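# A look at the structure
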Amino acid sequence: MAAGASPAEVKSGVADSLLPLPEATPTGRRLGRGSVALLVGLQLLLVASVVAGLYFSGQHLRGVVLDHTRSHAQVQAHNLEDSMTQSFNLLDMHLRALVAEHPEIQYAEQGVAPRDLEKALTALQNKLPYVRSLSVLERSGRVLASTQAANIGQQPALEPLLPHVAPHTPGVLRFGVPWRGRDFADGSPWPSTPGPEASSHARDAGFFPVTLVLPEAPQWTIVAAINSDYFINQALNHEAMPALRHQLYTDQGTLLLSTAEDDLPGTVLDGARLAAVLERQVGVAQWPGPRGDAWLVAFRPSRNYPWFVQSQASSTQVLQPWRRDMRQLALLAGLTLVLVLLTTGALTWRVRRSLQREEQRLEETRLAASVFAHSSDFIVITDRQGRIVTVNPAFERGTGFSAAEATGCLPGHLSPSHPVPAHLDAMWAAMATEGAWQGEVIDWRKDGTPLTGWLTVNAIRDSAGRVVNYVGVLHDLSRLRADEATIRKLSLAVEQSPTSIVITSTAPAIEYANPHFFHTTGYTPAEVLGANPRVLQSGQTSQATYEAMWAELVAGRVWQGEFVNRRKSGELYIENATIAPLVDDQGRITHYLGIKQDITAAKEAEKALRLAASVVANTHEGVMVCDAAQRIIEVNPAFTRITGYTATEVLGRKPSLLSSGRRSREQYPAMWQALNQHGHWQGEFWNRHKNGSLYAAASAVNALRDAAGQVTHYVSVFSDITERKHQQEQLERLAHFDPLTGLPNRALLADRLQQGLARAQRARQGLAVCFMDLDGFKAVNDAHGHDAGDDLLAEVARRLQGSIRAGDTAARLGGDEFVLLLGGLHHPRECEDTARRVLHAVALPIEVEGHTVHVSASMGISVFQRDGCEAEQLLRQADQAMYQAKQRGRNRYVLYAPGMADADPGSA
Ligand SMILES: Nc1nc2c(ncn2[C@@H]2O[C@H](COP(=O)(O)OP(=O)(O)OP(=O)(O)O)[C@@H](O)[C@H]2O)c(=O)[nH]1
């Protein structure tokens, strides 16, 4: 074996994968997948944590903001109340000090202002920045003196004043309703219900009056116009929370001033809320706002005066910065989260990608290992020196060398007893220059058998381009070569097949036809290849045949049938066709294979055979066919009729079963000789019927031979000639025997006499011819009738036969004349005993038709003793001697002697 190369170089990673590898690490893959899942889970947890953190932090901050707002409102309300109470305490103090500084006030008369009062008021006002003007009112309510000259003479409507005390009660600082405008001269009280003109005064905080009646001068009421703006500005200046608004309400719920521009002085607080505030005196509350929001409220009633401070804020406004901050925080968190998610997502993606690559690499490795392990090709991996590092199982199976045997060896040197394969030098040369080689090689298996294959060798390089391994893949071509030989044989078989073979497409168009097809049809390849097979149709095959054929073929089944087709010459021929669909791997029909046999001649022969079979079946002659071993293989109905045996009884048996045993010894040898020499014999048999009776058969036997001259069959045709035989015998009997007595007649006598003479001549013995005529027979006829005469003749015949030896003959010449031939005489007189015995027997009484009659016989005897005596002569001499016996008195015999006058008479 030698390692080899493909045109493309193989990277070193592939070489690693081709080496036996550890199993893929499912645990590692699971861990990898777990890491991804963990990362995704962490991402989700992070999102949830951030959202939850944001939510809870937000809610907490919201609570903090609200709590802080409440606390701040409380503090601010307290501070404002404190500040204002102190301001009014200062006002009260300064007003009360006015008498001490100006004692004349207490003595001033009604309607007359003390001197310098206005100056004193102005001086006092300068000490009180939140007082817009100070005025002194008479009891009538008219302004007597004022720091604002325009107020003098005015009579402002100050009621109602709080607290509720009797008018002009001294020493009580009382608070009036709020006014719009700068002072009493140009102002007017704010209505409790703002009219449409209220909006034009929205920015006009106005003022509110505070009155005091000095105990020392109860005739006067000092009125201070308190500048609302002063306190508003004071409150605003000290307020860090813009959403918080501060309000000053009288204990009757009338708004005196507010830091909110949309709060109109004079408006009255809801009764329920006022009651709640007055009830709790100090504290916080939360009221529903007009727009579905909530108002956080802090109260602070004045320690000394009938008013309270309310600091409140809408939760919507308070929470606005919180909301903004939360939005920013959420945005920031969201962006951070997105960033984190993107980062972790990217990380996850990279991990997953990495895992996928790892899995892909493992899969590729597993596939490569699987290919290495399960490839049917032989794979060899060598080191850079060409020494085998590993081989695959197919190599072990195919070459017989185990991996242990191969490892460390140089390919090509595995079989030291065999020559080094021829391709090695060329291969290593190509490897050195190109790093790859491929070609057909012949190697050796361990068992010494050659191994033909296509070898591909590739160099495997590391990342630096250095060769680290060589991979050789040998594709075993042994089977392919064997298959090619088989295909060649099959091709030859098809080409030289004595049947027509046609392959058509499903169109159908003829794609292939073998030479026998062209020979049968007379067409050339150019005329039929690509053509529809119907070019052969003659129109004499029924449409039903074609339909049945297509039904079978389309269903994927083989069809077998016959066509009447037409050759190119126009001649019709009968074709036996077997057509089979050819299917591909998916079971789809791609072609049709037709195997066709021209059976025209066979059809003709079959027709002739059918005719012959019909003749045989219906002929009156028995037909028996035997094989070469003379065993019956076929008989016809006439055979059964003649022999009595059915076909099943005789098939496989020999014709001798028909034999009767009545045959001449020479008959069968003669028959076989004739059959062997001429192939034909004719003759007659006496056979035995199954029922035991005999029948005569006239038989003709023919031996059938094959082309080599070997006998294959014997055909025997015979007829029953028993009847004819019987008729012949009858005729023969009639020709030679006397029908009345059954004795030989004159013709047969002549024949016997001839034979007897010949025998006597050969044996040199004597032969006596005894001519006998009855005496008195006519009288019997006459007396008892002709039939009685017949009976008598028959009886005489029996007595004659009973009186002579078996080899002798008794014959009737006619009428009452009989002749006896007595052979084997050694002496002429030997016959005389017989003659006397015969005469005696004849003379005995005879019973005919109930009558006893007597006849006798006269006999003349001539004896043959030497050559030259004719039969006719002997008979005539006996007749003459008989005549002499008649003459001499009847019932006697007379021996013929020349010159019968000298004859020696004899008597019975
Ligand atoms: N019943 C009978 N009579 C026959 C037959 N053939 C001839 N005859 C008669 O036989 C007789 C023979 O004649 P003969 O020989 O003269 O009679 P016979 O009485 O024997 O006289 P001899 O011979 O002179 O003694 C004739 O009357 C014939 O008609 C026959 O076949 N049957």
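Residues numbered from 1 in each chain as written. Predicted model: local features only at pLDDT ≥ 70, side-chain atom pairs only at ≥ 80, totals over all residues. Heavy atoms only, no water.

## Comments concerning the nonpolar core
Proteins that are soluble and globular tend to have nonpolar side chains buried together. Rule in force here: By nonpolar core we mean a set of buried residues, namely Ala, Val, Leu, Ile, Met, Phe, Trp, Tyr and Cys, connected to one another through side-chain atoms within 4.5 Å. Three labels apply to residues, based on accessible area from a 1.4 Å probe with only protein chains included: buried if under 20% of the type maximum, exposed if over 50%, partly exposed otherwise in between. Each helix is a run of H or I in the DSSP string that is no shorter than four residues. Each strand is a run of E no shorter than two, and both are numbered from the N terminus. Residue contacts are defined here by distance: any two heavy atoms, one from each residue, within 4.5 Å place the two residues in contact.
Counting 53 residues, the largest nonpolar core has Phe-88, Leu-91, Phe-208 and Ile-226 as the members making the most contacts within it. Considering every element that reaches this core, the biggest residue donor is helix α2 (residues 26-101), with ten residues. Apart from residues lying up to four places away in sequence, Phe-88 is in contact with Tyr-130, Leu-173, Phe-175, Phe-208, Val-210, Ile-226, Phe-231, Tyr-305 and Trp-307. Membership of the second largest hydrophobic core comes to 34 residues, among which are Ala-768, Leu-792, Leu-822 and Ala-857.

## Things to note about the sheet that holds strand β29 (residues 766-775)
Quick reminder of the rule: Criterion used throughout: strands pair if DSSP finds at least two bridges between them. What counts as an axis is a line fitted to C-alpha atoms, over the stretch in contact for a helix, and the angles between N-to-C directions run from 0 to 180 degrees.
The strand order across the open sheet built from five strands is β30-β31-β29-β34-β35, with neighbouring strands paired in mixed fashion. The open sheet has two edge strands with one neighbour each: β30 (809-814) and β35 (893-895). With direction set aside, neighbouring strand axes in the sheet form an average angle of 20°. Of the strand pairs in this sheet, β30 and strand β31 (residues 817-825) are connected by five bridges, and their pairing is antiparallel. Directly across from Ala-810, in β31, lies its bridge partner Leu-820.

## Re the site of the ligand
Note the threshold: Proximity is defined per residue: any heavy atom of the residue falling within 4 Å of a molecule or strand makes that residue near it. Two N or O atoms form a polar contact when they lie within 3.5 Å of each other; inside protein one atom must be a possible hydrogen donor and the other a possible acceptor, and for residues adjacent in sequence the pair counts only when both atoms belong to side chains.
Surrounding the ligand, one finds 16 residues, the nearest of these being Phe-777, Asn-781, Arg-812, Lys-886 and Arg-890. Between the ligand and Gly-776, the relevant distance is 3.2 Å, taken from an oxygen atom to a main-chain nitrogen or oxygen of the residue. Between the ligand and Lys-886 there is a distance of 3.0 Å, counted from an oxygen atom to a side-chain nitrogen or oxygen. Only β29, α20 (777-784) and α21 (786-803) provide two or more residues apiece to the shell around the ligand.

## Points about the confidence of the model for the protein
Short version of the rule: Confidence of the predictor in every single residue is expressed as pLDDT, which spans 0 to 100.
With 93% of its residues at a pLDDT of at least 70, the protein reaches an overall mean of 87. Across residues 901-908, confidence stays below pLDDT 50; counting only partners more than four residues off in sequence or on other chains, it has 18 contacts. Here the complex is predicted with pTM 0.42, and the ipTM for its interfaces comes to 0.95.

## Topic: the pattern of salt bridges
Inclusion rule: When a carboxyl oxygen of Asp or Glu is within 4 Å of a side-chain nitrogen of Lys or Arg, the pair counts as a salt bridge.
As enumerated under the stated definition, the model contains 36 salt bridges in all. Notably, a salt bridge pairs Asp-263 with Arg-245, separated by 3.1 Å at the nearest N-O pair. Of this pair, Asp-263 sits in the loop between β10 (255-258) and α5 (271-280) while Arg-245 sits in strand β9 (residues 245-250), and the two are 18 residues apart along the sequence. Taken individually, Asp-263 and Arg-245 each receive the classification buried, so the pair is uniform in this respect. For Arg-610, the salt bridge goes to Glu-606, with nearest N and O atoms at 2.7 Å. Of this pair, Arg-610 and Glu-606 both sit in helix α14 (residues 600-618), four residues apart, which is roughly one turn of the helix. Note on Glu-606: relative accessible area 36%, which makes it partly exposed. One connected set of salt bridges, linked through shared partners, spans Glu-81, Asp-82, Arg-300 and Arg-303.

## Here's the deal with the side chain of Glu-239
The cut-off we apply is this: Positive charges come from Lys and Arg alone, negative charges from Asp and Glu alone, with His and the N- and C-terminal ends not counted.
Its location among the elements puts Glu-239 in the loop between α4 (228-237) and β9. Buried charge without a salt bridge: Glu-239, with Arg-245 as the nearest opposite-charge side chain at an N-O distance of 11 Å. There is a polar contact of 2.9 Å between the side chain of Glu-239 and the side chain of Gln-76. Of the polar contacts made by the side chain of Glu-239, one reaches the side chain of His-246; its length is 2.6 Å. What Glu-239 contacts, discounting residues up to four positions off in sequence, is His-72, Gln-76, Leu-244 and His-246.

## A short note on helix α9 (residues 424-434)
Every α-helical turn comprises 3.6 residues, leaving residues that sit three or four positions apart pointing alike. Note the cut-off: To obtain the arc, one takes the directions from the helix axis to the C-beta atoms.
Looking only at α9, the buried set comprises Leu-424, Met-427, Ala-430 and Met-431. Around the axis of α9, the buried residues are gathered within 130° of arc, so they sit on the same side. Away from its buried face, by an angle of more than 90 degrees, α9 presents the exposed residues Asp-425, Ala-432 and Thr-433. Two residues or fewer past α9, Gly-435 is found with a positive phi of approximately 75°.

## Observations regarding the packing of aromatic side chains
For the record, the criterion: Side-chain rings of Phe, Tyr and Trp, where Trp is taken by its six-membered ring, are said to pair if the distance between their centres is within 6.5 Å; with planes under 30 degrees apart they count as stacked, over 60 as edge-to-face, and otherwise as tilted.
Going through the model one piece at a time under the given rule, you end up with 28 aromatic pairs. Between Tyr-230 and Phe-231 the ring centres are 5.3 Å apart and the planes differ by 90°, which places this aromatic pair in the edge-to-face class. Classification of Phe-231 as buried rests on a relative accessible area of 1%. Measuring from centroid to centroid gives 6.5 Å for Phe-378 and Phe-395, while their planes differ by 85°, and the two rings are edge-to-face. Within this pair, whereas Phe-378 is found in strand β14 (residues 378-383), its partner Phe-395 is found in helix α7 (residues 393-399), the two being separated by 17 residues in sequence. Members of the aromatic cluster, connected to one another through ring pairs, are Phe-88, Tyr-130, Phe-175, Phe-208, Tyr-230, Phe-231, Tyr-305 and Trp-307.

## Quick notes on the sheet that holds strand β25 (residues 632-635)
Sheet architecture is open: five strands sit in the order β25-β24-β28-β27-β26, paired in antiparallel fashion. The open sheet has two edge strands with one neighbour each: β25 and β26 (680-688). Pairs of neighbouring strands in the sheet enclose a mean axial angle of 25°, with direction left out of account. Taken together, the nine bridges between strand β27 (residues 694-705) and strand β28 (residues 711-720) define a ladder with antiparallel strand orientation.

## Topic: unusual backbone geometry
Omega for the bond connecting Glu-159 with Pro-160 falls within 30 degrees of zero, at -5°, which places this linkage in the cis form. Residue position: Pro-160 is located in the loop between β3 (143-146) and β4 (174-175). Along the chain, Ala-507 connects to Pro-508 via a cis peptide bond; the corresponding omega equals 0°. Positionally, Pro-508 belongs in the loop between β19 (500-505) and β20 (510-513). Phi at His-168 is positive, roughly 65°, even though this residue is not glycine. Relative to the helices and strands, His-168 resides in the loop between β3 and β4. On the accessibility criterion, His-168 (27% relative accessible area) is partly exposed. Even without a glycine there, the phi angle at Arg-764 is positive, about 55°. Looking at the element boundaries, Arg-764 is found in the loop between α19 (746-763) and β29.

## Regarding the side chain of Ser-500
When you line up the elements, Ser-500 lands in strand β19. Looking at Ser-500, its side chain comes within polar contact range of the side chain of His-516, at 3.4 Å. Ignoring any residue separated from it by four or fewer positions in sequence, one finds Ser-500 in contact with Asn-514, His-516, Phe-517, Thr-520, Gly-594, Ile-595 and Lys-596.

## A few points about the pairing of β31
Taken across its nine residues, β31 has seven buried, putting it largely inside the fold. Linking two consecutive strands that pair antiparallel, namely β30 and β31, is a turn of two residues; a positive phi of about 55° is found at Gly-815 within it.

## Side note on the packing of α21 against helix α22 (residues 830-843)
For clarity, the cut-off: Here is the rule for angles: anything less than 35 degrees is roughly parallel, anything more than 145 is roughly antiparallel, 65 through 115 is roughly perpendicular, and the remaining ranges are oblique. By convention the crossing between two helices is left-handed if the near helix lies anticlockwise of the far one by an angle smaller than a right angle, and right-handed if it lies clockwise. Amino acids are sorted into nonpolar (Ala, Val, Leu, Ile, Met, Phe, Trp, Tyr, Cys and Pro), charged (Asp, Glu, Lys and Arg) and polar (every other residue, Gly among them).
With their axes 9 Å apart at the nearest point, α21 and α22 run at an angle of 150° to one another. Taken as axis vectors, α21 and α22 run roughly antiparallel relative to one another. For the element pair α21 and α22, the recorded crossing hand is right-handed. The residues of α22 that touch α21, namely those facing Val-796, Arg-799, Leu-800 and Ser-803, are Thr-834, Arg-837, Val-838, Ala-841 and Val-842. Taken together, the residues of the contact of α21 with α22 break down into five nonpolar, two polar and two charged.

## A short note on a positive patch on the surface
Convention followed: Patch construction takes residues with relative accessible area above 30% that form no salt bridge. Like charges are linked within 9 Å, and nonpolar side chains (Val, Leu, Ile, Met, Phe, Trp, Tyr) are linked within 5 Å. Here the open area of atoms and residues is found with the Shrake-Rupley method and a 1.4 Å probe, where only the protein chains shown may cover a residue. To locate a charge, take atom NZ for lysine, CZ for arginine, CG for aspartate or CD for glutamate.
On the surface, a cluster of positive charge is contributed by Arg-62, Arg-323, Arg-324 and Arg-327. With three residues, helix α6 (residues 315-374) is the single largest residue contributor to the positive patch. Here Arg-62 lies in helix α2.

## Remarks on the pairing of β10
By the bridge criterion, three bridges tie β9 to β10 in an arrangement that is antiparallel. When the sheet's bridge partners are listed, Tyr-249 is paired in β10 with Leu-255. Linking two consecutive strands that pair antiparallel, namely β9 and β10, is a turn of four residues; a positive phi of about 90° is found at Gly-253 within it.

## Re α20
Residues of α20 that are buried include every one of Phe-777, Val-780 and Asn-781, and no others. What you see down the axis of α20 is that its buried residues fit within an arc of 100°, all on one side. Turned more than 90 degrees away from the buried face of α20, the exposed residues are Lys-778, Asp-782 and Ala-783. Structurally, α20 contributes buried residues whose contacts are with β29, α21 and β33 (851-853). Gly-785 occupies a position one or two residues after α20 and carries a positive phi of about 100°.

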